[in-house]
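So you can see what is in the structure, the chains are spelled out below.
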Amino acid sequence: MPKADGNKDRDRGEERPTSSLVAEIARIIRLEKGLTQEALGKLIGYTGSAVSALETGAQPVSDAMLERLEDGLGDRRGIFEAARKYILMEKYPVRFRHFSQLEAKAYSISSYETHVVDGLFQTEDYARALIGGGYPPVPQAKAEELVEARMARKALFDRDPMAMIELILDESVLLRPFGSWEIHRGQLRSLVEDAQRDNVMVQVLPLARGLKGSYAGDRGSMKLVETKDHDHVVYMEVEDESILVSNRSKVSRLSQRYAKIRAQALSPDESLGLIERLAGERK
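Conventions we followed
- Residues numbered from 1 in each chain as written.
- Predicted model: local features only at pLDDT ≥ 70, side-chain atom pairs only at ≥ 80, totals over all residues.
- Heavy atoms only, no water.
- Helix = DSSP H or I, 4+ residues; strand = E, 2+ residues; numbered from the N terminus.
- Buried < 20%, exposed > 50% of the residue type's maximum accessible area, 1.4 Å probe, protein only.
- Areas by Shrake-Rupley, 256 points an atom, 1.4 Å probe, with all protein chains shown as cover.
- Lys, Arg positive; Asp, Glu negative; His and termini not counted.
- Charge placed at Lys NZ, Arg CZ, Asp CG, Glu CD.
- Core = buried A, V, L, I, M, F, W, Y, C linked by side-chain atoms within 4.5 Å.
- Contact = heavy atoms within 4.5 Å.
- Phe/Tyr/Trp six-rings, centres within 6.5 Å; stacked < 30°, edge-to-face > 60°.
- Arc of directions from axis to C-beta.

**Q** Please clarify how the overall build of the protein should be interpreted in this entry.
**A** What the protein contains, in helices and strands, is twelve helices and six strands. If one aligns the C-alpha atoms of the protein with their principal axes, the spans along those axes are about 75 × 45 × 40 Å. Every one of the 283 residues in the protein was classed for burial, and the buried ones make up 45%. For the protein, the accessible surface area stands at approximately 15200 Å², while carbon and sulfur atoms represent 51% of it. In the protein, which carries 42 positive and 45 negative side-chain charges, the distance between the mean positions of the two groups comes to 3 Å.

Here it is, written out as structure tokens:
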């Protein structure tokens, strides 16, 4: 059971021990096979300069390169394949790394988002526009790493055993574009497709909900997770700080608030219709 109530993790640099270890292993195996950097690059479909950048740490290894290294140097030992999940974790912000492990193995995830589409549901273009437009600015290479890592999270949709995934979006999220209106429409169309998966439910909390005298969504975003061991935790992020709540009484209170938000949201069918209209797919 996670014990992280109130802990707030700050990004403390870009230490990447797994990336460094993989680079060293690749270099050792390359030398054992008598390959130059140029020869290895040709073998795996990269330039010699790219191999050099890997070995010197100038460029972190990508998921695609790990696949090629497994084919070119792995000799069916699975070394580079096994490293993929650890390399991926290093690409996440420090504050998100522990939660990413919980998310990947979760039995169920229920999210409420107030400002942007949940990262699990983001399209590549939407994620790139969102990450690239944030402050302080992120170097392009780092931004692409974050996009790649975010897209990898989508494996949860098709995981076996199936995870149940629920998303409640404040209606303002559906009206807030990033990058361009075409990117925004593409994101809405992607939400429509995801909402029709058997293991996914998407709802929208209407902008006018506050006019009814009761609005439960004013405290901000949160994720409720049922772990593979059927424990329950809540994850929240505020201004680059993360909080993982595991205290049962606190989780219970937050779960009750989430249940109220769900009750105040449009039904899944009504929500799907609204998203389709905003995407231009229904009049």
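After that view of the structure, there is still more to cover.
**Q** Would you mind going over the nonpolar core with me for this structure?
**A** One recurring pattern in soluble globular proteins is that nonpolar side chains are buried together. Phe-99, Phe-121, Ile-165, Leu-174, Leu-191, Val-202 and Ile-275 are the most contacted members of the largest nonpolar core, which has 35 residues in total. Counting only elements with at least two residues in this core, the list comes to α6 (94-105), α7 (124-132), β2 (164-170), α9 (171-175), α10 (181-195), β3 (200-205), β5 (232-238) and α12 (268-278). For this core, the leading source of residues is α10, giving five residues. In this view, Leu-191 contacts Val-117, Phe-121, Leu-167, Leu-169, Leu-174 and Ile-275; residues no more than four positions away in its chain are not counted. Core analysis: the next-biggest nonpolar cluster, separate from the first, contains 16 residues, Leu-40, Val-51, Leu-54 and Met-65 among them.

**Q** Where do I start with the packing of aromatic side chains in this structure?
**A** As enumerated under the stated definition, the model contains three aromatic pairs in all. Judged by centre distance (4.2 Å) and plane angle (10 degrees), the rings of Phe-99 and Tyr-235 are stacked. A residue pair is termed long-range when its members are at least 10 positions apart, and Phe-99 in helix α6 and Tyr-235 in strand β5 qualify at 136 residues. Taken individually, Phe-99 and Tyr-235 each receive the classification buried, so the pair is uniform in this respect.

**Q** Could you clarify how one ought to interpret helix α2 (residues 37-44) in this entry?
**A** Working note: α-helix, 3.6 residues per turn, so residues spaced by three or four point in the same direction. Taken together, the buried positions of α2 are Leu-40, Gly-41 and Ile-44. All buried residues of α2 lie within an arc of 100 degrees about the axis, which places them on one face of the element. In this structure, α2 carries Glu-38, Lys-42 and Leu-43 as exposed residues pointing more than 90 degrees from its buried face. Taken from the residues just after α2, Gly-45 is the one with a positive phi, measuring 85 degrees.

**Q** Mind showing me how you'd approach unusual backbone geometry here?
**A** The phi torsion of most residues other than glycine is negative, and most of the peptide bonds are trans. Here Tyr-135 and Pro-136 are connected by a cis peptide whose omega angle stands at 0 degrees. With respect to the helices, strands and loops of the structure, Pro-136 is situated in the loop between α7 and α8 (140-152). Cis geometry is adopted by the peptide bond preceding Pro-161, which originates at Asp-160 and carries an omega value of 10 degrees. Within the secondary structure, Pro-161 sits in the loop between α8 and β2. Its identity as a non-glycine residue notwithstanding, Arg-76 has a phi of 65 degrees, on the positive side. Here Arg-76 is to be found in the loop between α4 (63-73) and α5 (79-91).

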